[in-house]
Amino acid sequence: MNSPVTVVILAAGMGTRMRSKIAKVLHRAGGLTLVEHVVRLALTVAEPENIVVVVGHQADQVRQTLAPYGVKTAEQTEQRGTGHALRCAQSAAPATGHLVVLYGDAPLLTAETLRSLVDERPETATVLTAILDDPTGYGRILRDPDGHVLAIVEHKAATEAQRAIREINSGIYCFRAERLWAHIDLIGTNNPAGEFYLTDIVELLRVVGGKTHARILADPNELLGINSRVELAEVDRIFRARKVIDLMLSGVTIEKPETVVVDCDVTVGQDSILEPGTRLVGATHIGEDCRIGAGSVLENAQLAEGVIVQPYTIIQDSSVGAGSRLGPFARLRMHNVVGAIAHIGNFVELKNTTLGDGAKANHLAYLGDSIIGARSNVGAGTITCNYDGVHKHPTTIGEGVFVGSNSTLVAPVTLESGSYIAAGSVITDTVPTGALGLGRGRQVNKPGWVKAKKG
Ligand code: UD1
Ligand code: MG
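Cut-offs applied
- Residues numbered from 1 in each chain as written.
- Chains lettered and ligands numbered in written order.
- Predicted model: local features only at pLDDT ≥ 70, side-chain atom pairs only at ≥ 80, totals over all residues.
- Heavy atoms only, no water.
- Helix = DSSP H or I, 4+ residues; strand = E, 2+ residues; numbered from the N terminus.
- Rg over C-alpha atoms; globule rule 2.2 N^0.38 Å.
- Buried < 20%, exposed > 50% of the residue type's maximum accessible area, 1.4 Å probe, protein only.
- Contact = heavy atoms within 4.5 Å.
- Areas by Shrake-Rupley, 256 points an atom, 1.4 Å probe, with all protein chains shown as cover.
- Lys, Arg positive; Asp, Glu negative; His and termini not counted.
- Charge placed at Lys NZ, Arg CZ, Asp CG, Glu CD.
- Salt bridge = Lys/Arg side-chain N within 4 Å of Asp/Glu carboxyl O.
- Near = heavy atom within 4 Å.
- Polar contact = N/O pair within 3.5 Å; in protein donor to acceptor, adjacent residues only side chain to side chain.
- 1 Å grid on protein atoms, 1.4 Å probe; cavity = no way out; pocket = protein on both sides within 12 Å on 5 of 7 lines; lining within 4 Å.
- Sits in = over half its atoms within 2 Å of the grid points.
- Points joined across faces, edges and corners; volume = space filled by probe spheres on them.
- Nonpolar A, V, L, I, M, F, W, Y, C, P; charged D, E, K, R; others polar.
- Patch = residues over 30% accessible without salt bridge, like charges linked within 9 Å, V, L, I, M, F, W, Y side chains within 5 Å.
- Core = buried A, V, L, I, M, F, W, Y, C linked by side-chain atoms within 4.5 Å.

(A) Just the overall build of the protein chain, in detail. For the protein chain, the count of helices and strands is nine helices and 37 strands. Its C-alpha atoms give the protein chain a radius of gyration of 31 Å, clearly above 23 Å, the size a compact globule of 455 residues would have. If one aligns the C-alpha atoms of the protein chain with their principal axes, the spans along those axes are about 110 × 50 × 40 Å. For the protein chain, with 455 residues in total, the buried portion stands at 48%. Nonlocal contacts in the protein chain, meaning residues at least 24 apart in sequence, comprise 40% of its contacts between residues at least 6 apart. For the protein chain, the computed accessible surface area is about 21,000 Å², with 53% contributed by carbon and sulfur atoms. Placing the 43 positive and 47 negative side-chain charges of the protein chain at their respective mean positions leaves the two points 9 Å apart.

(B) Spatial organisation of the pattern of salt bridges. For the coordinates displayed, the defined rule picks out 19 salt bridges. For R87, the salt bridge goes to D185, with nearest N and O atoms at 3.8 Å. Of the two residues, R87 sits in helix α3 (residues 82-88) while D185 sits in the loop between α6 (177-183) and α7 (200-207), which places them 98 residues apart along the sequence. The residue E203 makes a salt bridge to R206 at a minimum N-O spacing of 3.6 Å. Taken together, the residues span about one helical turn, with E203 and R206 both in helix α7 at a distance of three residues.

(C) Structural detail: the site of ligand 1. Around ligand 1 lies a shell of 21 residues, among which Q76, G81, T82, E154 and N169 are the nearest. Here T82 contributes a side-chain N or O atom positioned 2.7 Å from an oxygen atom of ligand 1. A distance of 3.4 Å separates an oxygen atom of ligand 1 from a polar side-chain atom of D105. Applying the majority rule of atoms within 2 Å of the grid points places ligand 1 in the largest pocket.

(D) Layout of the layout of surface pockets. Roughly 1,300 Å³ of volume is contained in the largest pocket. Taken together, 39 residues line the largest pocket, and the ones lying closest to its centre are R17, K24, T82, D105 and N227. Sorting the residues of the lining of the largest pocket by element identifies β1 (5-11), α3 and β10 (167-176) as the ones contributing at least two each. The element contributing the most residues to the lining of the largest pocket is β10, with three residues. Here the second largest pocket defines a volume of roughly 430 Å³. Listed by contribution, the elements that provide at least two residues to the lining of the second largest pocket are α1 (34-42), α4 (111-119) and α8 (229-249). For the lining of the second largest pocket, the element with the highest residue contribution is α8, accounting for four residues. Broken down by class, the residue content of the lining of the second largest pocket amounts to seven nonpolar, three polar and five charged.

(E) Geometry of a nonpolar patch on the surface. Among the surface-exposed residues, Y312, F329, F347 and L364 lie close enough to one another that they form a single nonpolar patch of about 440 Å² accessible area. For Y312, the position within the fold is in the loop between β20 (308-309) and β21 (314-320).

(F) Inspection of the nonpolar core at higher detail. In terms of nonpolar packing, the biggest core is built from 44 residues, with L280, I292, L303, I344 and L415 touching the most fellow members. Looking at this core, the elements that each hand over two or more residues are α8, β19 (297-303), β21, β25 (343-351), β27 (360-368) and β34 (413-415). Leaving out residues up to four positions away in the same chain, L280 has contacts with V261, V262, D263, V266, V268, L274, I286, I292 and L298. One finds V7, A42, V45 and V55 within the second-largest nonpolar core, a separate group that totals 37 residues.

This is how it looks when you write it as structure tokens:
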């Protein structure tokens, strides 16, 4: 009963209506390329070695994108139609068992629907269909008066009466592999487009006594194929909506969920709160009891529990320890490691910097290529001069250091643990433990100067 399942994903097409330099299946929705969504879906029912992606347009880039998934690819050098595309996969696919056809540009099918399609294990074939108010452009399902499927007719080739049919072909099928491969070579090109239409297989199989079952889906959105950027935006919107619903059901509070953008691989812990307009993308993982302020952007960010990110903060490729507070208007870019209960305030930029537990940089600072020890306090306006015009240099600040406001730390330089830096200093040499580093001109007062000047 449980014959092996093969999935062939047709993804060779160019996608002319996208008006893009990038192949259609490499466009992104919900934070992933379209073809990756479909491959991940296929992986829910088939082993990677039983998944064949038919590539053509920008084949190398598509292969590269799919490399981490371990699936096979087959090349269709010339796009001569869906029937031809499937034939290109034949030598890479097992000859027996069941074979599912998916499209690289239709990523919204759910794992549950695919599972139920596969579990049917049809004698010949099953096709997923939907009833649409506006079926324009789709292939139509032709049935006899008893409801048995006769054939699929493409919109372009359909008569007026056939165009009135609202049951459409999704292009998603499950075939008994032996039957499919025995008849696929009979598909011809006798149609207005001169293409090999996979849809013709339904009639060819019927003629030899093989019935195709049409399974009507309740939610036609699952079958939405992307042909233009308008449809891309719609599919993206649906992915985002599914994601925020999953998060809310798992215990995350989301204020104005329609305004947040969360990629599919992002995780957020229980009782965390996302304020309106937050954008969480890439491999971002947020612990429990965090708050992500309005308008913040987190990309490949790892936050431990209880982190407060105030509005309009940007965190990229960085991690933040438990109970820390960031923002508003803070920016962490390129590999920062912030410890627990640290504070990073407004207009503070961190780049490639490690900030120890309990350390603070509360206002207006640039801390680049630096290591800052636990409990150190970096005053307002402090700048690490990490770049000499040619090379980048490190700044090392020990534990419990106090850096007075508006200090300029000219790297490479070290402030040892427990040292103090006087406000307004330009520091170029090591400041030893317990010392006060003072590097500024002395103040001179000239009594009576104003009156003398103005006369
Ligand atoms: C196809 C179906 C149509 C169905 C519709 C659903 C056929 C003939 N028609 O039409 O009945 O209603 O999908 O969306 O099958 N592809 C290749 N190589 C090719 C041609 C296409 O790999 O030579 C791939 C495309 O990249 C795409 C998929 O097959 O992922 C579908 O091709 P597309 O041209 O979009 O078919 P439709 O005209 O939409
Ligand atoms: Mg299409």
